[in-house]
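Tertiary structure, described
Each chain is listed here by its residues.
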Amino acid sequence: AFTQLDLQEKEVQELSTNLRPYVHLQILNLSKNDIRDITEVVHLEYLLSINASQNQIKDIQFFKHFPESL
């Protein structure tokens, strides 16, 4: 099972459902891309660390509806 995924500077624009098969991810680096929405990370129940810096994310209010994701 994959536990780490580094997508730094990979020109990623959206996550869609592409990460869902990697349910055991614990560390995710999405930094330096053009991502606008990271809502999909709420489906990664084992995620311990996420770096989504230097993206175009304007809103993380979805975490209010999924407090167990924090």
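Read on for a plain summary of the structure. Remember, it's a predicted structure, so these values are computed and weren't measured experimentally. (Residues numbered from 1 in each chain as written. Predicted model: local features only at pLDDT ≥ 70, side-chain atom pairs only at ≥ 80, totals over all residues. Heavy atoms only, no water.)

**Things to note about the sheet that holds strand β2 (residues 27-29)**
Pairing between sheet strands relies on hydrogen bonds along the backbone, with the strands arranged either parallel or antiparallel. For clarity, the threshold we go by: Strands were regarded as paired on the criterion that DSSP finds at least two bridges between them. Only DSSP runs of H or I with at least four residues qualify as helices, and only runs of E with at least two residues qualify as strands; both kinds are numbered from the N terminus onward. Structural elements are reduced to axes, namely lines fitted to C-alpha atoms, with helices fitted over the stretch in contact, and the angle between N-to-C directions of any two is expressed from 0 to 180 degrees.
One open sheet accounts for 3 strands, arranged β1-β2-β3; its pairing is parallel. Two strands in the sheet have a free side with no partner beyond their single neighbour: β1 (4-6) and β3 (49-51). On average, each strand axis in the sheet is inclined to that of its neighbour by 5°, with strand direction left out of account. Bridging between β1 and β2 involves 3 bridges; their strand directions are parallel.

**Here we look at the pattern of salt bridges**
Quick note on the threshold: Should a side-chain nitrogen of Lys or Arg be within 4 Å of a carboxyl oxygen of Asp or Glu, the pair is scored as a salt bridge. Burial here depends on accessible area, computed with a 1.4 Å probe over protein chains only, as a share of the maximum for the residue type. Under 20% is buried, over 50% is exposed, and the range in between is partly exposed.
This model, assessed by the stated rule, comprises 2 salt bridges. In this structure, the salt-bridge partner of R20 is E40, at a minimum N-O distance of 2.8 Å. On the criterion of sequence distance, the pair formed by R20 in the loop between β1 and β2 and E40 in the loop between β2 and β3 is long-range, its members being 20 residues apart. For R36, the salt bridge is made with D34, and the minimal N-O distance between the two is 3.9 Å. Judged by relative accessible area, which is 26%, D34 ranks as partly exposed.

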